[in-house]
Amino acid sequence: MLTKRVQSLSPSLTIAISTLAAELKAEGKDVISFSAGEPDFGTPEVIKDAAKKALDANFTGYTAVPGIPEVLNAVKEKLKRDNNLDYKASDIIISNGAKHSLFNLMQAAIQEGDEVIIPAPYWVTYPELVTYSGGTSVFIETSDETNFKITADQLKAAITPKTKALILTTPSNPTGAVYSQAELEALAEVLKGTDIMVISDEMYEKLVYDGKFTAVASISDDMFARTITVNGLSKSVAMTGWRFGYLATPNSELIAAMKKLQSQSTSNINSITQHAAIVALDGQADDEIEMMRQAFSKRRDLAVALFNASDKLSVIKPDGAFYLFVNIKKVTNDSMEFCKRLLEEKGIALVPGLGFGSEGYFRFSFATDEESIKEGIKRVIDFCETY
């Protein structure tokens with residue numbers, strides 16, 4: 001009865017674990033979850049006020065599929081101001097979160113026979129979307145020894161005549177790795193003379209603690225032409241439930257195809273969210289974004305120090321995002337069994353590295369309060385002593 005394409009999908013492991021943790025907590029069990037990729041801060045007041053104004057003005061009807069002109073212009077200006085990227089408003093489409101943007105892109109651009117290069121560890125959704133679109137994922141392995149970043153030589157070795165796209169995530173989920181300008185320039189050099197698209201997921205752009213963020217499309221004119229920039233407001237502006245993602249590309253054929261696809265699926269995103277997003281994009285929430293960034297930076301330093309105090313665990317300090325990708329190879333290489341038992345015995349919810357394509361690690365989200373971080377890591381270390 002079911003199609004082969006839907007049967008090829010696996011449910012999101014991160015969502016499954018977060019849901020299980022919430023269910024156990026609702027049953028009265030002492031559970032601390034570090035599995036969700038969601039800030040524990042509320043949406044900034046200025047954004048909520050903009051939504052209230054839209055409601056009061058009865059801005060509750062359909063809009064144009066790619067978004068209202070005001071929000072498209074806000075994205076355009078943000079990309080120019082923050083990233084030195086000169087897109088036209090017609091190069092942009094607003095979707096129901098960056099995951100929806102990526103789904104539209106894969107459906108429009110990837111088909112049977114295409115290969116998509118994905119550095120591992122990777123966000124759990126990337127290979128699922130490639131498979132659903134009929135493509136094949138080609139993984140490039142990294143580790144904490146290489147700061148979870150691929151090299152130009154690795155990229156060159158992975159390219160075949162079937163390569164259609166490369167996915168880059170900076171800062172990374174699940175590792176927090178941030179590519180420097182020099183590293184991106186080296187990758188760009190490999191791609192010169194090819195028709196390979198670069199899908200740049202920049203969702204955690206505002207959450208960089210060391211160094212600076214460099215937009216992939218800003219590296220060169222060649223990279224601008226081949227790069228599809230994907231971003232949103234969920235993580236850095238604490239707007240996960242608002243579902244605001246956007247995609248920008250100068251490829252008019254590709255953007256037209258995605259607009260056509262979205263017109264026959266979800267149509268426009270929530271009209272009120274679009275109005276609220278304008279003030280999130282134009283700088284009115286920057287002070288609160290910076291407050292969250294500083295809080296996450298402090299939590300990162302605390303969590304890294306606590307984990308590295310254990311002789312059984314180790315983690316490199318991430319430059320961005322709000323995750324640690326913790327090495328458990330001195331304890332076990334079976335991250336799934338480790339996380340399952342940890343939840344059952346200690347009430348700690350983590351995401352096994354296996355789900356991100358890298359065994360021997362777990363992902364720990366430090367988007368939670370410091371007391372929970374201290375207690376949670378204490379339980380993890382205690383668990384490792386008797387594992």
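Small disclaimer: the values here were computed from a predicted structure and weren't measured.

**Quick look at the pattern of salt bridges**
Phase 1: Tallied over the full model, the rule gives 25 salt bridges.
Phase 2: The residue Asp210 makes a salt bridge to Arg300 at a minimum N-O spacing of 2.7 Å. Of this pair, Asp210 sits in the loop between strand E6 (197–201) and helix H9 (221–226) while Arg300 sits in helix H12 (residues 286–308), and the two are 90 residues apart along the sequence.
Phase 3: Given a relative accessible area of 33%, Asp210 falls into the partly exposed group.
Phase 4: Residue classification places Arg300 among the buried residues on the basis of a relative accessible area of 2%.
Phase 5: Note that Arg379 is salt-bridged to Glu375, the shortest N-O span being 2.9 Å. Remark: Glu375 and Arg379 occur in helix H14 (residues 370–386); sequence separation between them is four residues, near one turn of the helix.
Phase 6: Exposure remark for Arg379: the relative accessible area of 11% places this residue in the buried category.
Phase 7: Among the charged side chains, a network of salt bridges with common partners joins Lys78, Arg81, Asp82, Glu205 and Lys206.

**Focus: helix H8 (residues 181–191)**
Phase 1: Taken residue by residue, H8 has Leu184, Leu187, Ala188 and Leu191 as its buried positions. One side of H8 holds all its buried residues, which, seen down the axis, span an arc of 105 degrees.
Phase 2: In this fold, the buried residues of H8 make contact with helix H7 (152–158), strand E5 (163–169), E6 and H9.
Phase 3: Backbone geometry just downstream of H8 places Gly193 in the positive-phi region, at approximately 85 degrees.

Rules used in this analysis
- Residues numbered from 1 in each chain as written.
- Predicted model: local features only at pLDDT ≥ 70, side-chain atom pairs only at ≥ 80, totals over all residues.
- Heavy atoms only, no water.
- Salt bridge = Lys/Arg side-chain N within 4 Å of Asp/Glu carboxyl O.
- Helix = DSSP H or I, 4+ residues; strand = E, 2+ residues; numbered from the N terminus.
- Buried < 20%, exposed > 50% of the residue type's maximum accessible area, 1.4 Å probe, protein only.
- Arc of directions from axis to C-beta.
- Contact = heavy atoms within 4.5 Å.

Geometric values such as these leave the question of function open.
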